[in-house]
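Each chain, letter by letter, is given below.
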Amino acid sequence: MTRPLTDDQRLLQDSAREFFAERASVKALRADRAAGRPFDPALWQEIAALGFAGAAVPEAYGGSGMGWRSLGLVLEAAGRTLVASPLLQSALVGVAAIEALGSDAQRAAWLPAIAAGEMTTALGLDEGAHHAPSRIAMRAVREPGGWRLEGQKRFVPDGATASHLLIAALAAPTPGAPESLSVFCVAGSADGLVRKPLAMADSRGMADLDLTAVRVADDAVLGSVGEAATALEGVLDTARIGLAAEMLGAADALFALTLDHLKTRRQFGQPIGAFQSLQHRAARMFVDLELTRSCVLAALDALDDAAGVSTSVRSAAAQGASVASVASVASLASLASLAKARAGDTLHLVSNEAVQLHGGVGMTDAYDAGLYLKRARVLETLYGTAGWHRDRSARLDGY
Amino acid sequence: MSLETFRRDTRAWLETNCPAAMRTALDEKEVVWGGRNASFPNDDARLWLERMGERGWTAPTWPAAYGGGGLAPAENAVLQEELRRIGARAPLWSFGLWMFGPVLLEFGSEAQKHAWLPDIIRGRIRWCQGYSEPGAGSDLASLATRCEDRGDHFLVNGQKIWTSYADKADWMFCLVRTDTTAKHAGISFIVFDMRTPGVETRPIALISGESPFCETFLTDVRVPKDQLVGQLNGGWEIAKRLLTHERQSISTAAFGGGVGLDLVTAAQQSVGLMCGQLADGDLRVRIAAFRMQERAFHLTVRRAQAEARAGGNIDHLAPLFKYAAASVNQQRLELLVETLGLGGLGWEGDGFHPDALRATRHWLRSKGNSIEGGTSEINLNVVAKRVLGLPDPT
């Protein structure tokens, strides 16, 4: 259930908002855009030094062990100023994948490196312009002492810059056995890997990846081949929830910007925010934002609860706690879809309204509204549009 | 007493005193409204009200001096948890408890509190609300029912409308005009017995059929002067405070009354499945969108409750609830009627399933959700001005 923020979480939220507002405002994104770089490596080191990169990494692995809700608050704060950084792909998706799929040795090797800002990851999942985890053609073929990866990934966030790529591929544990999804950790410098950076409208880095006979050792498999498919779904739900938090932050900040414009822009001898038709549009956005906030917080809580469940399941593996974890997995999936769909709808509405309510100035490159609009559409599409999640939600509920 | 002790004692008391029949879901027809002519669906309901009323637990946080429970907020939270735990019905539904009582506690004289609160708590007097008038709906402060000072009494003339259960109520709390030269500052808050000569009520039929709403005609109604609550011409402040209590009770209690049909089940049966999915793909997506919206609303209610319990300020969320609750209820009933096809548009008779007939009536009745107790447009005005700080037009 949705719990109020603890004092620690409030403190974290305040310091994260303050840090990003001062150190990584939208101006920083403009500077990155002008310099043609997807993000500022010096900024990432500061983010890591503040403990944000390791917010969801357990203390035993060098993180701050604050949990998913705390990381969600950081992502929300980053979303407010459209911060371009490896936070989403490394601190959220990478940590979730290694936590859920990785062996103890892999956790020990990689989680501290991510928390320290030394290792960055990018999840190579989708192979087309739409989110479709059930349509993956990338294959991993068994070879002596390892695997050979063949295929293509498209629109991989941070794909051009990450030090390591987490590649989802179909693989069979033994020759002739049925194939299922597994995840392989591939160094960015691996032979046979070609990364083609994509210039996206939102100025954040994505890349297409070509893998031709990329060879990795057995210890590059996260966990073991043939056992990742279900857990990968949970990793994706974690990604969707964290992304929804980032989207909420973007929508919230853009709404504040728009509200400020309504109060200060004068026409017909008064602030345009005095007109009822505009007041009602603003009020509807507020209602939407608050409903979305509830969904995002509830979903982040469910992640922390599920982490508690899986830890206790792990520690009491043989004692049959599986019923509770199955139920919580189902509710996590539907909460993830709820949060992502609502965040998508809300950000869509707010980004369109922001440009319209700002009038001509909203169309100019010098003003921030357009940057939010462009980022909005990328985030809405990533890991499933609102429509995709409505369909999934109906399927989860059996209709 | 520690909360643990309180919980233990409360649980034991409820175990002994809450009749088994009162631990079942409450059907609308079995609601106990109390009053001089109270009707009870059965003896257990009468007993349950007597026992809860005697303890003051129909109004748990009101001072014991007036017959209330005298509980601290934390104790009340425990009581509500324990009541929920056994699925206990509310012993009494009452505009006195939800609306008039809270403002009487704040604005009434000591004598008035002693005169009226105990009967509200025990469910002995049933109250109705005389607010709206034919010429004063959203612009409530333009109300025109005249109240003249006649020395030893007030004389009231005018008409009220949308008075819920006026034909069944014993007393009315009523907004009247005591000064015609000022708008908001010319309104007073009075109460009177509905048996007073000159008070007449007439029920209003709605598009959904019979309704609890009435017109109330007031012709030369004499009201004793000690039945003025608060200051003369000071009624608007009380009126506004009461409306916040009303909106809270509307958004938490009144909507979403059971039609007895689950939307998804009804759709699966009525529309059918193709490859495991609803055969009507467009309807399927709209049902999914609605259910997610409904869930987002419930999560928001729970978030606000959790924040309020933790001592947080939720003033910015309050005006949102009534707006969102109305919209969610209307969407649900529109989808339900659409899902049932022509079977969801029956008016009466054996040719239709009783649940389907209820769906028709609820669907039509739900159109009022965004009108009564402050229209959705007024709700949005409140959000824009009070929460977002947008300016008034010049």
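Residues numbered from 1 in each chain as written. Chains lettered and ligands numbered in written order. Predicted model: local features only at pLDDT ≥ 70, side-chain atom pairs only at ≥ 80, totals over all residues.

J.: How should I be thinking about the interface of chain B and chain A in this particular structure?
T.: Interface size is commonly expressed as the accessible area that is lost once the parts come together. On the side of chain A, 34 residues touch chain B, which itself brings 36 residues to the contact. Elements that contribute at least two residues to the side of chain B that touches chain A include exactly helix 7 (263–271), strand 10 (277–278), helix 8 (281–309), helix 9 (318–340) and helix 11 (376–387) of chain B. The element that contributes the greatest number of residues to the side of chain B that touches chain A is helix 8 of chain B, accounting for 14 residues. Here the residues of the side of chain B that touches chain A are counted per class, giving 24 nonpolar, six polar and six charged. (Contact = placed C-beta atoms within 7 Å. Helix = DSSP H or I, 4+ residues; strand = E, 2+ residues; numbered from the N terminus. Nonpolar A, V, L, I, M, F, W, Y, C, P; charged D, E, K, R; others polar.)

J.: In this structure, what is going on with the pairing of strand 7 (residues 214–224) of chain B? I would like to understand it.
T.: Within a regular strand, side chains alternate between the sheet's two faces. Residues and elements named next belong to chain B. Alignment of strand 3 (residues 153–161) against strand 7, held across eight bridges, turns out to be antiparallel. By the bridge assignment, Phe 154 is partnered in strand 7 with Val 223. In terms of strand pairing, strand 6 (residues 199–203) meets strand 7 through five bridges, oriented antiparallel. Each residue of the ladder has a partner; that of Glu 200, found in strand 7, is Phe 217. (Pairing = 2+ DSSP bridges.)

J.: What is the right way to look at the environment of Gly 68 of chain B in this model?
T.: Residues and elements named next belong to chain B. You can see Gly 68 is positioned in the loop between helix 2 (43–55) and helix 3 (73–85). Using a count of 22 C-beta atoms within 10 Å as the deciding quantity, one classes Gly 68 as buried. Taking the C-alpha atoms as reference, Gly 68 lies 20 Å from Ser 2; in sequence the two are 66 residues apart. Those residues in contact with Gly 68 that lie beyond four places of it in its chain are Gly 56, Ala 59, Thr 61, Trp 62, Pro 63 and Ile 121. (Buried ≥ 20, exposed ≤ 12 C-beta atoms within 10 Å, placed from the backbone.)

J.: Please clarify how the domain arrangement of chain A should be interpreted in this entry.
T.: Residue and element names in this part refer to chain A. We note that the domain assignment places domain 1 (7–119), domain 2 (124–220) and domain 3 (229–396) within chain A. In this complex, domain 2 contributes eleven residues to the contact, which on the side of domain 3 involves ten residues. When residues in the side of domain 2 that touches domain 3 are grouped by element, the largest group, three residues, is from strand 5 (residues 180–187). (Domains from an automatic or database assignment.)

J.: What am I meant to see in the environment of Ser 182 of chain A here?
T.: All names here are of chain A. With respect to the helices and strands, the residue Ser 182 is situated in strand 5. Spatially, the C-alpha atoms of Ser 182 and Ala 366 are 45 Å apart, while their sequence positions differ by 184 residues. Beyond its immediate stretch of four places on either side in the chain, Ser 182 contacts Ala 140, Ala 169, Ala 171, Val 221, Val 225, Gly 226 and Ala 228.

J.: When you look at the packing of helix 9 of chain B against helix 11 of chain B in this model, what are you seeing that I'm missing?
T.: Residue and element names in this part refer to chain B. Running from amino to carboxyl end, helix 9 crosses helix 11 at an angle of 150 degrees, the nearest separation of the two axes being 9 Å. Our classification of the angle between helix 9 and helix 11 gives roughly antiparallel. Pair helix 9 / helix 11 crosses with left-handed handedness. Packed against helix 9, whose contacting residues are Pro 319, Leu 320, Lys 322, Tyr 323 and Ala 326, the element helix 11 presents Ser 376, Asn 379, Leu 380, Val 382, Val 383, Arg 386 and Val 387 at the interface. Within the contact of helix 9 with helix 11, the residues separate by chemical class into eight nonpolar, two polar and two charged. (Axes fitted to C-alpha atoms, helices over the stretch in contact; angles between N-to-C directions. Parallel < 35°, antiparallel > 145°, perpendicular 65-115°, else oblique. Left-handed = near helix turned anticlockwise from the far one by under 90°.)

J.: Could you clarify how one ought to interpret the confidence of the model for chain B in this entry?
T.: Detail in the predicted coordinates should be disregarded across regions flagged by low pLDDT. Per-residue pLDDT for chain B has a mean of 93; in total, 97% of the residues score no lower than 70. For this predicted complex, the interface confidence comes out at an ipTM of 0.91, alongside a pTM of 0.88. (pLDDT = per-residue confidence, 0-100.)

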